[in-house]
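# Structural characterization, general
The residues making up each chain are set out below.
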Amino acid sequence: MTSFDFFEATGLPVPAITEEQAARIAATHFGLSAMATALGSQQDANFLLSSDAGDPIGVLKIANPAFSLAELQAQDAAAAFIDAAEEIRTATNISEGARIAEIDLEAKFFARIIRFLPGGTLSEDTYVRPAQVAAIGDLAGRTCRALAAFDHPGVDRILQWDLRHGMRTVEVLAGHVADQHRRAAVEAAAAAAWQVVADLADDLPVQVIHGDITGDNVVCAGSAAIPDGLIDFGDLTRSWTVSELAVTVATLLRHEGCEPATTLPAIQAFHAVRPLGHAELEALWPLVILRAALLVVSGVHQASIDADNDYASSSLEDEWRIFQRASAIPIDVMTAQIRSALGVAHPAEPITGRFIDDAAAGGIVVVDLSPEADAMDGGAWLEPDCEERLAADALAAGASAAVTVFGQARLTRSSTLRDASPATVATGMELWPGRPLTLVAPWPGSVTVDEAGGAVTLAGPAGTLEVRGALHPSGAGGHRAEAGDALGSVNGRVWIQLRRHGVGQVPQFVRPEYAAGWLAQVGDPGPLLGLPLAAGLADNGVALRQRRSRAFAEVQEHYYDHPPRIERGWREHLIGTDGRSYLDMVNNVAVLGHGHPVLADAVARQWRRLNTNSRFNYGSVVAFSERLAATLPDPLDTVFLVNSGSESDDLALRLAMATTGRHDIVAVAEAYHGWTYATDAISTSIADNPNALSTRPSWVHTVPSPNAYRGEHRGLDASKYAPEAVSIIEDLVAQGHPPAAFICEPFYGNAGGMALPDGYLKAMYGAVRAAGGLAIADEVQVGYGRTGRWFWAFEQQGVVPDIVCVAKAMGNGQPLGAVITTKAIADAYRSCGYFFSSAGGSPVSSVVGLTVLDIIASEGLQENAATVGDHIVARINELATRHPIIGTVHGSGLYMGVELVRDRTTLEPAVVETAAICERMRELGVIVQPTGDRQNVLKMKPPMCITRESADFFVDMLDRVLTTGW
Ligand SMILES: Cc1ncc(COP(=O)(O)O)c(C=O)c1O
């Protein structure tokens, strides 16, 4: 029998074989007693064979009779070849001698048993992570690398999937697409793609390829579901090597939220293994479009000839989605974007000439609209006329013209609470004239005037210059201009764009993901105005991250593997250099929100006036100490001012030791209190220090973590923690080591912001005082109104500590900490000498502290924490009814944690899942991080100014991630 030729074949309905027949074939031809369960396939009949115990034995593949024995032998040989050459789990033929049995039913079929690869595929159209995207690209690259040395007579066949025949197949099958609009779109896109590919065809390397490395045909490993296995060699053929990658890239586009830019990690990974040549780079995206077109026409065709094949019919909308996404970005733009991602971009030649007279060119002022521009302070970009106002300011200062920056990501084009990144990057520039300004042709070319649109274009060999806006054209257009001829006079704001030769329409603003691709289509108009070339796209964090790792000790870790570069904050939002805005759910320190202008002004005023130290006599340190003491109940009336939480806890320990003359400290297990020598000693959170439990000095004694959700005593049983912990204090006394103090967070931070069991602190404070020690409340995180109902979290427990430590919120990010205690305890420090902290309580720090307290009160932030916090809890509790991964929500006010579990009974922590969910949340515009010893709690401690709308955005995005995957 000759090899398959799609153009000669009549159709490929799946062999109609039942599960009973399949089990019989396994027994008769392969001596296997197994249960057979049908698996979906577009062309063959596949059955999972399993033992009576349900363990998989292999996959029985009954090939479509259209394929010859040689073709099946080639597929088995290729699988074995890859298996030997690469670390890829491969679906090889596992019967003795890789046997292929010929079976007689109504027709003759070839059957074989293929290795079953455990782990599941990426068949669903749910979200795929960048790591999975990269892994599938890597798999495709390694498959090509291995198969480059493979050959077999059975690979010379003519498949509809071989992109070398792609256009012909589309032409043959397009008639099956009943929807005329879809059919026309597919035909047009395929023809445009083919035009590019045909010119490159002779330069595209050819080899044997798998031809179908798609989500359905890769198998994943581990809880991270990283594709590392390959099945279904049914489309093995000789073709262009780059087709292997095009097929894989196209398949990714079916997944939730995937778009051309999301596939770049796959292309980068492929290129790292099997570098793409020039022609391959140019052909890749057109081939992706062609493959997408093929999927649409073949899907419709297959569904029409095989109406019973659910597998084929259910994929039709997926295929259409792939096509729409593949063709959404122009080929040239995507190719340039791919080149940029691979570091092989064509260098752009600047386009030169003179567009305005020299006198005007002299006085042009550039208006910076980037996220880093000073003019953006105080949320200026949110005013609708921000760009106009800044230009007017520049002109008022005497500029001949004001212009914006080509290729700049503009904060004025950013938007908060968006789940897609906004189009921020300018592909041209605006110009506002300060005095009458005539534009002249920088080169000879033909002039077009669009009166209605207020646009003049000059097309010349270098490109097309377009000016649009408040412009009076010099002539009606349709004529030729010589260099220096007037094109028009500008009397208001105009937009200038310089498109390179042969480039069609380019949007004024494009999304950062495609900015490199779009900017390759245009030139910088700046030099035509006598300005230097613009700096180009701002670093989005990659370059900075490399510098950081060289200069900044790496143990100071950073969020995310690929952190965006954040250079501005505003209220509960953080903004990247690409103009992308993120909702900040983690910055508990910035209670007032980011960039608070009242605080900034107060600090600046004080800096200009005086900053010295607390040995001098000035008002602010006294006023701040009085204000702080006034927030606390009697007898807590005496204040020490320091610079951080670690310092305040450290000082509290020293005060307790000085007061009691003892050295032993009792602390709660799994807590964090700081990094100084003493606070590190009492911290046993293994998230911060994996060796924390084994390296405690002998003076530190821990009591069990009073975790009512997953600790030893749960729910109502949590009342047992206090008596057990009290007995530890009593034992210490009995052993002759009475403690100097018991230290504890009054709301349990490291467990995810959990309230302590009722009565816990009452019992513990009572016990430590009965032993002659002191009670220290670490309010570093939880104080200052964050819990909503209480300003100090110890109030929730109905106790008054002897020493209160606070920091973080006190300074809204300015280094500020305090210890507040009784006069007697404060005076005991005299035995250590006297206390001085150079910057603690400085005039600037004191003014910060006072202003923060003022704003918390005047803006009602504690009340906001209570109402918005309650709203979030209610909404997450609703999510929990639909998403079993939500174990519970801890916390109060805006001190919360969503604990994620794999099983609500065993409470197995969903650790990998929590990290992946945080990554995807960032992609969707929310900064949230894992916390806790098990890193399975989503920490939610946003700035206390967070609005209900922002809270809803957070919950909506969480819902989306939990629904569509991470
Ligand atoms: C409860 C608690 N105490 C103390 C500290 C240490 O504070 P700082 O980082 O300001 O030194 C922290 C910091 O996270 C904390 O959460």
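Residues numbered from 1 in each chain as written. Predicted model: local features only at pLDDT ≥ 70, side-chain atom pairs only at ≥ 80, totals over all residues. Heavy atoms only, no water.

### Concerning the environment of Ala91
Heads up, the rule is: Secondary structure counts use DSSP, requiring at least four H or I residues in a row for a helix and at least two E residues in a row for a strand, with both numbered from the N terminus. The buried label applies to any residue whose accessible area, calculated with a 1.4 Å probe on protein chains only, is under 20% of its type's maximum; exposed applies above 50%, and partly exposed to all values in between. By definition, residues are in contact when any of their heavy atoms lie within 4.5 Å.
Within the secondary structure, Ala91 is located in the loop between strand 4 (89-90) and strand 5 (101-104). In this structure Ala91 comes out as buried when scored by relative accessible area, which is 5%. It is 74 Å that separates the C-alpha atoms of Ala91 and Arg435, two residues lying 344 residues apart in sequence. Apart from residues no more than four positions distant in its own chain, Ala91 is found in contact with Ala79, Ile114, Arg115, Leu117, Leu230 and Ile231.

### Let's talk about the sheet that holds strand 6 (residues 108-114)
Applied cut-off: When DSSP finds at least two bridges between two strands, those strands are taken to pair. Here, axes are lines fitted to C-alpha atoms. For helices the fit covers the stretch in contact, and angles between N-to-C directions go from 0 to 180 degrees.
Ordered by their spatial adjacency, five strands build an open sheet running 1-2-3-6-5, and the pairing between neighbours is antiparallel. Of all the strands in the sheet, just strand 1 (35-39) and strand 5 have a single pairing partner and so form its edges. The sheet shows a mean angle of 30 degrees between the axes of neighbouring strands, taken without regard to direction. Pairing analysis gives four bridges linking strand 5 to strand 6, with the strands arranged antiparallel.

### So, the nonpolar core
We apply this condition: Among buried residues, the Ala, Val, Leu, Ile, Met, Phe, Trp, Tyr and Cys ones that are joined through side-chain atoms within 4.5 Å form a nonpolar core.
Core analysis: the largest hydrophobic core is formed by 97 residues, its most contacted members being Leu628, Phe742, Tyr760, Tyr784, Ile872, Ile876 and Phe954. Of all the elements, helix 26 (residues 948-964) adds the most residues to this core, at eight residues. Every residue in contact with Phe954, bar those within four places of it in the chain, is listed here: Leu583, Met585, Ile876, Met921, Val926, Val928 and Met940. Among the nonpolar cores identified, the runner-up in size contains 96 residues, and Ala261, Ile267, Leu342 and Phe406 belong to it.

### Let's talk about the packing of helix 5 (residues 180-200) against helix 10 (residues 316-326)
Helix-helix packing: each pair is described by the crossing angle between the helix axes and the interaxial distance. Just so we agree on the cut-off: Any angle that falls under 35 degrees is termed roughly parallel, while one over 145 is termed roughly antiparallel, one within 65 to 115 roughly perpendicular, and all others oblique. Less than a right angle of anticlockwise turn of the near helix away from the far helix marks a crossing as left-handed, whereas a clockwise turn marks it as right-handed. Throughout this entry, Asp, Glu, Lys and Arg are counted as charged residues, while Ala, Val, Leu, Ile, Met, Phe, Trp, Tyr, Cys and Pro are counted as nonpolar. The remaining residues, Gly among them, count as polar.
It is at 11 Å that the axes of helix 5 and helix 10 come closest, and there the two elements cross at 45 degrees. The angle between helix 5 and helix 10 falls in the class oblique. By crossing handedness, the relation of helix 5 to helix 10 is classed as left-handed. Note on element contacts: helix 10 touches helix 5 through Glu317, Trp320 and Phe323, opposite Arg182, Ala185, Val186 and Ala189. Taken together, the residues that form the contact of helix 5 with helix 10 break down as five nonpolar, no polar and two charged.

### Considering the packing of aromatic side chains
Inclusion rule: Paired rings are identified among Phe, Tyr and Trp, the last through its six-membered ring, by centres lying within 6.5 Å, and are further divided according to the angle between planes into stacked (under 30 degrees), edge-to-face (over 60) and tilted (the rest). Only when the NZ of Lys or the CZ of Arg is both within 6 Å of the ring centre and within 35 degrees of the ring normal is a charge said to sit over the ring.
Taken as a whole, this structure holds 18 aromatic pairs when the rule is applied. Centroid distance Phe6 to Phe7: 5.1 Å. Interplanar angle 75 degrees. Geometry classified as edge-to-face. In this pair, the class of Phe6 matches that of Phe7, namely buried. One cation-aromatic arrangement involves Arg615 over Phe836; the distance from NZ or CZ to the ring centre is 3.6 Å. Lying across the ring of Tyr560, Arg922 places its NZ or CZ 5.1 Å from the centre.

### What about the pairing of strand 6?
Buried residues dominate strand 6, accounting for six of its seven residues. Note: strand 3 (residues 56-62) against strand 6, four bridges, orientation antiparallel. When the bridges of strand 6 are listed, Ile62 appears paired with Ala111. Taking the residues between adjacent antiparallel strands as the criterion, strand 5 and strand 6 are bridged by three residues.

### Focus: the site of the ligand
Operational definition: Whether a residue is near a molecule or strand depends on its heavy atoms: if one lies within 4 Å, it is near. Polar contacts here mean pairs of N or O atoms no more than 3.5 Å apart (in protein, one a potential hydrogen donor and the other a potential acceptor; neighbouring residues in sequence count only if both atoms are side-chain atoms).
The ligand sits among Ser644, Gly645, Ser646, Asp649, Tyr672, His673, Gly674, Glu745, Asp778, Val780, Gln781 and Lys808. Gly645 places a main-chain nitrogen or oxygen 2.8 Å from an oxygen atom of the ligand. Within the contact set of the ligand, a nitrogen atom lies 3.5 Å away from a side-chain nitrogen or oxygen of Asp649. Residue composition of the shell around the ligand, by class: two nonpolar, six polar and four charged.

### A closer look at the packing of helix 4 (residues 166-173) against helix 8 (residues 278-305)
Running from N to C, helix 4 and helix 8 point in directions that differ by 35 degrees, and their axes come no closer than 9 Å. The two elements helix 4 and helix 8 meet at a crossing, and its hand is left-handed. Note on element contacts: helix 8 touches helix 4 through Leu290, Ala293, Leu294, Val297, Ser298 and His301, opposite Gly166, Met167, Thr169, Val170 and Leu173. Across the contact of helix 4 with helix 8, the residue classes break down as seven nonpolar, four polar and no charged.

### Describing unusual backbone geometry
Along the chain, Asp634 connects to Pro635 via a cis peptide bond; the corresponding omega equals 0 degrees. Among the secondary structure elements, Pro635 is positioned in the loop between helix 17 (619-630) and strand 26 (638-642). In the Ramachandran plot, Ala98 falls in the positive-phi region, its phi being about 50 degrees despite a non-glycine side chain. By relative accessible area, Ala98 is classed as partly exposed at 36%. A positive phi angle, near 70 degrees, is found at Glu670, a position not held by glycine. Under the relative-accessibility criterion, Glu670 is labelled buried at 16%.

### As for the side chain of Glu280
Assignment of secondary structure puts Glu280 in helix 8. Accessibility expressed as a relative area gives 3% for Glu280, which makes it buried. Reaching out from Glu280, the side chain makes a polar contact with the side chain of Arg274 at a distance of 2.8 Å. A distance of 2.8 Å separates a polar atom in the side chain of Glu280 from the backbone nitrogen of Gly277. Ignoring any residue separated from it by four or fewer positions in sequence, one finds Glu280 in contact with Leu204, Pro205, Thr241, Val242, Arg274 and Pro275.

### Some words on helix 7 (residues 264-273)
Counting buried positions along helix 7 gives seven out of 10 residues, so the element sits mostly inside the fold. The set of residues buried in helix 7 consists of Leu264, Ala266, Ile267, Ala269, Phe270, His271 and Val273. The inward-facing, buried residues of helix 7 contact helix 3 (130-147), helix 6 (241-252), helix 8 and helix 11 (331-342).

### Here we look at the sheet that holds strand 9 (residues 226-230)
Judged by pairing direction, the sheet is mixed, and its three strands sit side by side in the order 4-9-8 without closing on themselves. Looking at the sheet topology across the chains shown, the edges are occupied by strand 4 and strand 8 (218-221). Where strand 8 meets strand 9, four bridges bridge the pair, whose relative direction is antiparallel. Paired with Val218 across the two strands is Leu230, which belongs to strand 9. Along the sheet, helix 3 makes contact with strand 8 and strand 9, crossing strand 9 at roughly 25 degrees.

In short, shape yes, function no, at least from these values alone.
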